[in-house]
Amino acid sequence: MSVLDIITRRPPVPAHPTPLLFVHGAYCGGAIWDLRFLPWFAERGWEAHAVSLRGHGGSDGHDRLAWHSLADYVEDVLRAMDGLDRPPVLIGHSMGGMVVQRALLRRGAPAAVLMASAPPQGLWQSTLGLAARHPRVLAQMSVLMTLGVEHVDLEEIRPALFSDRMDRAEMERFVPLLQPESRRVLMEMLAWTPFPTLPSPSIPILVLGAEEDLLIPPEQVRMTARALDTAATLFPGMAHAMMLEPGWEQVAATIDGWLTATLSAPAP
């Protein structure tokens, strides 16, 4: 069986029986969560895990990255869930949010969190908007895909991930974690799906977004929330990389508070 890299942070004093499983977005691996979120949640009593989908981070499959599918990524999440003692909360960012949505069609979960998630209808609309308004950002993402991270202009690609408030030194910590993405998955996410199959309404889902996000702008976040019959929470002054941006603690605290209240509530 292929190696699936999972980073785990266990709490010094466990306070919550339900584990958390974080699913990264495109162009990076599970280590993105370990810069901030995994230690933060572990310190607050959560058992926190981050999976690197195949072809990402320390997982196998880099040699076949271009041909991996969303269905493959869903299988990786289900496999990671099966390796835990209890069913986890699924927390997905960007592409990982779409993977989480599809994983929930196959497996129940105590709850889920979607952070700057690709909407269930697909990325066609937001990608066209990015191409029209920020072509240089899109061009740098193509450079990353074709030439690798060493050829990326950090200042040109910065608006895709970070706000102007992000310190350059902090931003540079993230750069070594960047990598190409599956071309097949990118094409699958572009497909327009006007009537997507949605997770069961019995699964509580928190939808979060960033007001300055160029990749998944606020209207796309609201589209996701409407499809899931809930409301979106948007963080002002924040860009796409919500787990790294200045103010990330507010995002983490929002998730922590919502999960604590949701998981302790009696079942309907």
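Further up the page is the structure itself.
Counting of residues starts from 1 at the beginning of each chain's written sequence and follows it residue by residue. Local features in this predicted model are restricted to residues whose pLDDT is 70 or higher, and side-chain atom pairs enter the listing and the counts only when it is 80 or higher, whereas totals over whole chains, interfaces and linings include all residues. Note: side-chain values were computed over all heavy atoms of the structure, leaving out hydrogens and water.

Participant: Report on empty space enclosed by the protein, specifying residues and quantitative values.
Facilitator: Where empty space is left becomes clear once a probe the size of a water molecule has been rolled over the atoms. The distinction between a cavity and a pocket rests on a 1 Å grid over the protein atoms alone: a 1.4 Å probe fits inside a cavity but cannot get out, while a pocket stays open yet meets protein on both sides within 12 Å along at least five of seven lines, and a residue with an atom within 4 Å of a point counts as lining. Grid points are joined across faces, edges and corners, and a volume is the space filled by probe spheres set on the points. Under the definition given, this model contains two cavities of 30 Å³ or more. As a volume, the largest cavity reaches approximately 40 Å³. The wall of the largest cavity is formed by Leu35, Arg36, Met166, Glu170, Arg173, Phe174 and Leu244. Approximately 30 Å³ is the volume attributed to the second largest cavity. Together, Leu154, Ile157, Arg158, Leu161, Phe162, Met171, Phe174, Val175 and Leu178 line the second largest cavity. At the level of secondary structure, the elements contributing two or more residues to the lining of the second largest cavity comprise helix H7 (154–161) and helix H8 (168–174). Numbering of helices and strands runs from the N terminus, with a helix taken as a DSSP run of H or I at least four residues long and a strand as a DSSP run of E at least two residues long. No other element matches the four residues that H7 contributes to the lining of the second largest cavity. Under this grouping Gly is polar, as are all residues other than the nonpolar Ala, Val, Leu, Ile, Met, Phe, Trp, Tyr, Cys and Pro and the charged Asp, Glu, Lys and Arg. Here the residues of the lining of the second largest cavity sort into eight nonpolar, no polar and one charged.

Participant: Residues and numbers for the nonpolar core, please.
Facilitator: By convention a nonpolar core is built from buried Ala, Val, Leu, Ile, Met, Phe, Trp, Tyr and Cys residues, the set being connected through side-chain atoms within 4.5 Å. When a residue's accessible area, from a 1.4 Å probe over protein chains only, is under 20% of the maximum for its type it is buried; when over 50% it is exposed; and in between it is partly exposed. Membership of the largest hydrophobic core comes to 87 residues, with the highest contact counts inside it found for Phe22, Phe37, Phe41, Met115 and Ile255. By definition, residues are in contact when any of their heavy atoms lie within 4.5 Å. Other than its neighbours up to four places away in sequence, phenylalanine 37 contacts Phe22, Met115, Met242, Met243, Trp248, Val251, Ala252 and Ile255.

Participant: Which residues make up a nonpolar patch on the surface, and what values do they have?
Facilitator: Exposure above 30% relative accessible area and the lack of any salt bridge qualify a residue for a patch; like charges then connect within 9 Å, and the nonpolar side chains Val, Leu, Ile, Met, Phe, Trp and Tyr within 5 Å. Note on areas: Shrake-Rupley with a 1.4 Å probe; residue coverage comes only from the protein chains shown. Salt bridge, as used here: a side-chain nitrogen of Lys or Arg that lies within 4 Å of a carboxyl oxygen of Asp or Glu. A cluster of nonpolar residues, Trp124, Leu128 and Trp192, forms a patch on the protein surface that exposes about 350 Å² of accessible area. Its place among the elements puts tryptophan 192 in the loop between helix H9 (183–190) and strand E6 (205–210).

Participant: Break down the sheet that holds strand E3 (residues 48–51) for me, with residues and values.
Facilitator: For two strands to be treated as a pair, DSSP must find at least two bridges joining them. With respect to topology, seven strands assemble into an open sheet ordered E1-E3-E2-E4-E5-E6-E7, the strand pairing being mixed. Each having just a single partner strand, strand E1 (6–9) and strand E7 (232–235) make up the two edges of the open sheet. Strand-to-strand twist across the sheet, computed as the mean angle between neighbouring axes with direction ignored, equals 20 degrees. By the bridge criterion, four bridges tie strand E2 (residues 20–23) to strand E4 (residues 89–93) in an arrangement that is parallel. Only the stretch in contact is used when fitting a helix axis, every axis being a line fitted to C-alpha atoms; angles between N-to-C directions are given from 0 to 180 degrees.

Participant: Tell me about the layout of surface pockets, and please be specific about residues and values.
Facilitator: Roughly 730 Å³ of volume is contained in the largest pocket. Forming the walls of the largest pocket are 34 residues, and the residues nearest its centre are Ala26, Tyr27, Met141, Leu186 and Leu215. Residue assignment for the lining of the largest pocket shows that the elements contributing at least two residues are helix H5 (124–133), helix H6 (135–147), H7 and H9. Among the elements that take part in the lining of the largest pocket, H6 stands out by supplying six residues, more than any other. In the lining of the largest pocket, the residues fall into 25 nonpolar, eight polar and one charged. A volume near 200 Å³ is recorded for the second largest pocket. Considering the residues around the second largest pocket, the lining is formed by Leu198, Pro199, Ser200, Pro201, Ile203, Pro204, Ile205, Ala227, Leu228, Asp229 and Thr230. In terms of residue class, the lining of the second largest pocket is built from eight nonpolar, two polar and one charged.

Participant: An account of H5 is requested, with residue identities and associated values reported.
Facilitator: Along H5, the residues that are buried comprise Ser126, Gly129 and Leu130. The arc enclosing the buried residues of H5, seen along the axis, measures out at 100 degrees, which places them on a common side. Looking at the buried positions of H5, the neighbouring elements they touch are H6 and helix H10 (218–227). Each direction from the helix axis to a C-beta atom contributes to the arc, which is the arc of those directions.

Participant: Run through unusual backbone geometry, naming residues and quoting values.
Facilitator: With a phi angle near 70 degrees, tyrosine 27 is a residue other than glycine that sits in the positive phi range. Its place among the elements puts tyrosine 27 in the loop between E2 and helix H1 (31–34). A positive phi angle, near 60 degrees, is found at aspartate 229, a position not held by glycine. Following the sequence through the fold, aspartate 229 ends up in the loop between H10 and E7.

Participant: Tell me about the environment of serine 202, residues and numbers included.
Facilitator: For serine 202, the position within the fold is in the loop between H9 and E6. Along the chain, serine 202 and proline 110 lie 92 residues apart, while their C-alpha atoms are 9.3 Å from each other. Two N or O atoms form a polar contact when they lie within 3.5 Å of each other; inside protein one atom must be a possible hydrogen donor and the other a possible acceptor, and for residues adjacent in sequence the pair counts only when both atoms belong to side chains. A distance of 2.7 Å separates a polar atom in the side chain of serine 202 from a polar atom in the side chain of serine 200.

Participant: How would you sum up the packing of helix H3 (residues 70–82) against helix H4 (residues 95–106)? Please name residues and give values.
Facilitator: One way to put it is that H3 packs onto H4 with a least axis distance of 9 Å and a crossing angle of 70 degrees. Viewed along their axes, H3 and H4 adopt a mutual orientation that is roughly perpendicular. Viewed along their axes, H3 and H4 form a crossing whose handedness is right-handed. Facing H3, whose interface residues are Leu70, Tyr73, Val74, Glu75, Val77 and Leu78, H4 presents Met95, Met98, Val99, Arg102, Ala103 and Arg106. We call two directions roughly parallel when the angle between them is under 35 degrees, roughly antiparallel when it is over 145, roughly perpendicular when it lies between 65 and 115, and oblique otherwise. Here a crossing is taken to be left-handed if its near helix is turned anticlockwise relative to the far helix by less than a right angle, and right-handed if that turn runs clockwise.

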